[in-house]
Amino acid sequence: MALKHCCVAGLLLLCAGMRAHGGEITPIESGLDYHSYANVDQFRVTHLELDLRVDLPGKTINGIAALEFKRLDPSANQLVLDTKGLMVNDVRQKATDVLGATSKNQTIWVSRPFHMEKPDPILGSALVIELPPSRKPVESIRIDYETTAASTALQWLTAKQTAGRHKGFLYTQSQPIGARTWIPLQDTPAVRMTYKAKVHTESGVLAVMSADNDPTVKHKGEYSFIMPQPIPSYLIALAVGDIEFMATGPRTGVYAEKPVLKAAAKEFADTESMIETAEKLFGPYRWGRYDILVMPPSFPVGGMENPRLSFITPTVIAGDKSLVSVIAHELAHSWSGNLVTNATWRDLWLNEGFTDYLESRIMTAVYGAERASMEEVLGLKALRDDLKTLKPQDQVLAIDLRDRDPDLVFSNVPYQKGRLFLNFLDAKFGRERFDGFLRGYFDHFAFQSITTEEFLGYLDDNLLDRFPGIVTREAVNEWVHGPGIPADAVLPVSSAFQPVDEARTAWLAGGVAAKKIGLGWVAQQWLYFLDNMPAALRTQQLAELDKAFGFTHTQNAEIAHSWFRLVIANNYQPGFSSLEEYLKTIGRRKLIEPLYTDLMKTPAGTVFAKRVYAKARPGYHPETVKAIDAIVNPGAAEGSTDGTGAEGSE
Ligand code: BES
Ligand code: ZN
């Protein structure tokens, strides 16, 4: 991967060993995307048109991706695209694009020679297309292709794996480098494109995309979409299933399978207030509608900020809005991430750190400062836990991901440390100045993809130098490039956790019965109560907690997660059958990876983990399978992650 472009440009010898030859490390080049083969300095894709057939029983997508692009380098004659697990059948170019073409017929397409480079296990295969010279300002090619079982951004669910159980379900998770597994394109967040799509499905299922969904469309199997704002490839998203719509406001609504639709609409009823708050703080919402698609429980992330249509795990539906900060988070990405985008995955903190900060601001405005600061304190604990296990070089905001799968290097650092950095600037410069800065930042870089260094330049000009003597550039560098949490951090505190600490201490000392504590506590207090328990508890203590609070059967997936960590650490047998159910239904990586990791620490836990995982694996998303394989079967040859859910035991 560090051999960026080398193979495709025929410069293999020159580039081989470029990175760590003889122990020396080549410095990272800001703005260079080490996770894409696309030759973006020579060609830039500006628009994509998809015409796709989704075959739910056959578990394939086939069709055409037409790309419009500009040739930045007139001497360039090879267009390099990213693909992974795709079968490319034909590549054609618009006949009139070619220099000296005589045909005036815009609809004639001529075949172009192409080949696929040797696949890299992480990056996939570069698709190299030979192009004759052209003087057209915008050229077009169309690629006839199909997905395969190795298209790992796709999860195909059988009817039986859905809530409604009538129809299959398909969804995509493109971030970070999955778009190339279902569309051949320049799969780097540095490139932005508008898109249009036609999607054909069987009748009776609805297709939705990260575009202008029409809530009133008839479910006849033909759907059209337009995304008129330029977005990076990782935000292209599609879902197909037996889903219905319910409005929650004039520009907001929920798509979900019928059995969860009502509960979802109730849980997410505050979405419009969140948007209004965010608009007041960060400028207009520029995307038209904001809808939520409730995913099947196997969805690997909490939420995904697909523009105009966030994809959200059903584990957020707790019944009491206690976990809706995920919605605030995905909505906040409409500014930080979707409007101003990280140029490469090294710069992910620009997306996630800003978004965590914005999320807190939205949560404060809609649910109060107490709720927001409790969530920040929990986030800080998660960060500290991660820092204990991360190498110093992986504790920095601008992280070197060369030669690694960005999807497997996931931590709280870009999120929580990023948020702490912005909290620090906010505290130092004062709310008014910092808000002005943020708003200006979103306007200045709207619809652009930027690097850490571009952000730092803007920060210098508009905050550090504008209000001199408050924060030095050295202090900022320490935040961005140094490990750990800088000493000048302004750490969140919450007075709502004090009674929880007191109650826990008293209960542990045997001074108070469990049933006498916890009156009126909210979900965040329960999480704090459980997450800060000592490692070792007696069976009788766990039984007392369980009897008093029913943790083993809680409907709150986050509380259940914290409880199961104690269940595993203390081998509390009555909790294990619920844990098994949990692992077999939920595929959200943040919730299940720590549980598998904990289980693998003991021989009995290992036996349980392997048995349950064998049953759960066919129901997980391919990227989750990859991550859990590495935990449960470390060292095993890469297992089948074919995304069909067809293999595995049972
Ligand atoms: N964009 C992320 C999800 C993501 C990040 C997917 C990097 C792949 C690579 C999304 O906005 C996110 O951060 N989701 C969080 C929820 C949030 C409340 C912290 C999650 O999935 O837990
Ligand atoms: Zn996010």
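No experiment lies behind these values; they were computed from the predicted model shown.

I would appreciate a short explanation of the sheet that holds strand β6 (residues 114-116) in the present structure.
The pairing of strands in a sheet happens through backbone hydrogen bonds and is either parallel or antiparallel. Pairing is antiparallel across the open sheet formed by three strands, whose spatial order is β3-β7-β6. In this open sheet, the two edge strands, each paired with only one partner strand, are β3 (78-83) and β6. Taken pair by pair, the neighbouring strands of this sheet meet at an average axis angle of 20 degrees, ignoring direction. One ladder, built from six bridges, connects β3 with strand β7 (residues 125-130); its direction is antiparallel. Paired with threonine 83 across the bridge in β7 is serine 125.

What's the story with the site of ligand 1 in this structure? I'm lost.
The immediate surroundings of ligand 1 are formed by 16 residues, with Gln175, Gly302, Glu305, Glu330 and Tyr415 found nearest. Here a nitrogen atom of ligand 1 and a side-chain polar atom of glutamate 305 are 2.6 Å apart. Between ligand 1 and histidine 329, the relevant distance is 3.1 Å, taken from an oxygen atom to a side-chain nitrogen or oxygen of the residue. When isolated, ligand 1 has an accessible area of 520 Å², and the protein chains bury 90% of it. Secondary structure elements with two or more residues in the shell around ligand 1: β18 (303-304) and α4 (325-332).

Looking at this structure, I do not really get the confidence of the model for the chain. What am I missing?
Note that predicted coordinates carrying low pLDDT should not be read in detail. On average, residues of the chain score 93 in pLDDT, and 94% of them reach the 70 mark or higher. Every residue in residues 639-650 scores below 50 in pLDDT, and together they form 30 contacts with partners more than four places removed in sequence or on other chains.

What should I look at first to understand unusual backbone geometry in this one?
With the exception of glycine, the majority of residues adopt a negative phi angle, and the majority of peptide bonds are in the trans configuration. Here the bond from glutamine 175 into proline 176 is cis, since omega is 0 degrees, no more than 30 degrees from zero. Phi at arginine 165 takes a positive value of approximately 65 degrees, unusual for a residue other than glycine. Look at arginine 308: it is not a glycine, yet its phi comes out positive at around 70 degrees.

What is the right way to read the pattern of salt bridges from this model?
Pairing is possible between side chains of opposite charge, provided their charged atoms come close. Throughout the structure, instances matching the rule amount to 35 salt bridges. For the salt bridge of glutamate 139 with arginine 71, the shortest nitrogen-to-oxygen distance reads 2.7 Å. Here glutamate 139, found in strand β8 (residues 139-147), pairs with arginine 71, found in strand β2 (residues 60-71); they are 68 residues apart in sequence, far enough to count as distant. Across the salt bridge formed by arginine 251 and glutamate 272, the nearest N and O atoms sit 3.0 Å from each other.

What is the right way to look at the pairing of strand β17 (residues 290-294) in this model?
One face of the sheet, then the other: side chains in a regular strand alternate in exactly this way. Taking burial as the measure, the five residues of β17 include five buried ones, the bulk of the element. Burial along β17 is two-sided: the residues Tyr290, Ile292 and Val294 and Asp291 and Leu293 are all buried. The sheet contact formed by β17 and strand β19 (residues 309-312) spans four bridges and is parallel. Residue pairing for β19: valine 294 is matched across the bridge by isoleucine 312.

Can you walk me through the pairing of β7 in this structure?
Among the six residues that make up β7, five are buried, leaving the element largely enclosed by the rest of the structure. The pairing of β6 with β7 spans three bridges and is classified as antiparallel. The partner of methionine 116 across the bridge, within β7, is leucine 127.

Definitions and cut-offs
Residues numbered from 1 in each chain as written. Chains lettered and ligands numbered in written order. Predicted model: local features only at pLDDT ≥ 70, side-chain atom pairs only at ≥ 80, totals over all residues. Heavy atoms only, no water. Pairing = 2+ DSSP bridges. Helix = DSSP H or I, 4+ residues; strand = E, 2+ residues; numbered from the N terminus. Axes fitted to C-alpha atoms, helices over the stretch in contact; angles between N-to-C directions. Near = heavy atom within 4 Å. Polar contact = N/O pair within 3.5 Å; in protein donor to acceptor, adjacent residues only side chain to side chain. Areas by Shrake-Rupley, 256 points an atom, 1.4 Å probe, with all protein chains shown as cover. pLDDT = per-residue confidence, 0-100. Contact = heavy atoms within 4.5 Å. Salt bridge = Lys/Arg side-chain N within 4 Å of Asp/Glu carboxyl O. Buried < 20%, exposed > 50% of the residue type's maximum accessible area, 1.4 Å probe, protein only.

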